[in-house]
Number of protein chains: 2
Amino acid sequence: MIFTVQIKVMPLKDLLDPQGKAVMGGLQNLGLQNISDVRIGKHIDLQIEAETKEAAFGTAEEAAKKLLANPVMEVYEITIN
Amino acid sequence: MIFTVQIKVMPLKDLLDPQGKAVMGGLQNLGLQNISDVRIGKHIDLQIEAETKEAAFGTAEEAAKKLLANPVMEVYEITIN
């Protein structure tokens, strides 16, 4: 069975996110003053072939730990539809 | 009222995603052969101060159109909790 998996990788809450800060500056220069606290991460869509949803989740977790997210700076969140 | 808004920006389905292809190669080299069709986009979390949810959505849409997403290559999806 093929599962569609979404992995969200975001910078840790306690860390500064310079990319987010820059984008917030850009948005405010465009006149969108009511936007704050911009944080930018990655969104990864992938297909996993597995017997069960749990197995697909395990594979996604392995992918996130080994390659997609850096645990020192980022947190990941896995969603399977 | 402050709304927490999530904007997902992904490369268009019809376009090649070289970053996704590279990551898929990396995952397969790590032994995760059952992963396919990797696509990588951005995930943006932000706070919007607005009177209503609709107004917050409008602001998020303006931000996505003006700065966050390139409509030639990307699609965006806005979620407000």
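Just so we're clear, the structure is a prediction, and the values are computed from it rather than from any experiment.

Student: I'd like a rundown of unusual backbone geometry, residues and numbers included.
Tutor: For D37(A), which is not glycine, the phi dihedral falls at a positive 55 degrees. Position of D37(A) among the secondary structure elements: in strand β2 (residues 35–49).

Student: Lay out helix α1 (residues 18–29) of chain A in plain terms, naming residues and giving numbers.
Tutor: Its twelve residues give α1(A) an end-to-end C-alpha distance of 17 Å, which sits within 8% of 16 Å, the value for a rise of 1.5 Å per residue. Of the residues making up α1(A), those classed as buried are G20(A), V23(A), M24(A) and L27(A). Angular distribution of buried residues about the axis of α1(A) spans 105 degrees; they occupy a single face of the element. Exposed side chains of α1(A) directed beyond 90 degrees from the buried face belong to P18(A), K21(A), A22(A) and N29(A). In this fold, the buried residues of α1(A) make contact with β2 of chain A together with α2 (53–68) of chain B. Count one or two residues on from α1(A) and you reach G31(A), which has phi positive near 100 degrees.

Student: Can you break down the interface of chain A and chain B residue by residue, with the values?
Tutor: Each partner contributes residues to the interface: chain A has 30 residues there, and chain B has 30 residues. In total, chain A and chain B occlude about 2600 Å² of area from one another, counting both sides; carbon and sulfur atoms represent 63% of this. By the criterion of area lost to chain B, the three top residues of chain A are N34(A), H43(A) and Q47(A), representing 20% of everything that side buries. Along the contact surface separating chain A from chain B lie zero salt bridges. Inspection of the chain A/chain B interface yields eight residue pairs in polar contact (both at pLDDT 80 or more).

Student: I'd like a rundown of the relation of the copies chain A and chain B, residues and numbers included.
Tutor: For the pair chain A and chain B, the best superposition has an RMSD of 0.0 Å and corresponds to a rotation of 180 degrees with a translation of 0.0 Å parallel to the axis. When the rotation and shift are considered jointly, the pair of chain copies conforms to a two-fold rotation axis. When C-alpha positions in chain A are compared against the rotation axis, the closest is assigned to K42(A), at 2.3 Å. Here 100% of the interface residues in chain A have copies in chain B that are interface residues too; the copies meet face to matching face.

Student: How would you explain the sheet that holds strand β3 (residues 74–80) of chain A if you had to name every residue and give the values?
Tutor: As summarised here, the arrangement of the six strands in space is β3(A)-β1(A)-β2(A)-β2(B)-β1(B)-β3(B), forming an open sheet in which the pairing is antiparallel. Each end of this open sheet is capped by a strand with a single partner; those strands are β3 of chain A together with β3 (74–80) of chain B. Neighbour-to-neighbour, the strand axes of this sheet turn through a mean angle of 25 degrees, independent of strand direction. In terms of strand pairing, strand β1 (residues 2–11) of chain A meets β3(A) through seven bridges, oriented antiparallel. If you follow V5(A) over to β3(A), its bridge partner there is I80(A).

Criteria and thresholds
- Residues numbered from 1 in each chain as written.
- Chains lettered and ligands numbered in written order.
- Predicted model: local features only at pLDDT ≥ 70, side-chain atom pairs only at ≥ 80, totals over all residues.
- Heavy atoms only, no water.
- Helix = DSSP H or I, 4+ residues; strand = E, 2+ residues; numbered from the N terminus.
- Expected span 1.5 Å × (residues − 1).
- Buried < 20%, exposed > 50% of the residue type's maximum accessible area, 1.4 Å probe, protein only.
- Arc of directions from axis to C-beta.
- Contact = heavy atoms within 4.5 Å.
- Buried area = accessible area lost by both parts, 1.4 Å probe.
- Salt bridge = Lys/Arg side-chain N within 4 Å of Asp/Glu carboxyl O.
- Polar contact = N/O pair within 3.5 Å; in protein donor to acceptor, adjacent residues only side chain to side chain.
- Least-squares fit on C-alpha atoms with pLDDT ≥ 70 in both.
- Pairing = 2+ DSSP bridges.
- Axes fitted to C-alpha atoms, helices over the stretch in contact; angles between N-to-C directions.

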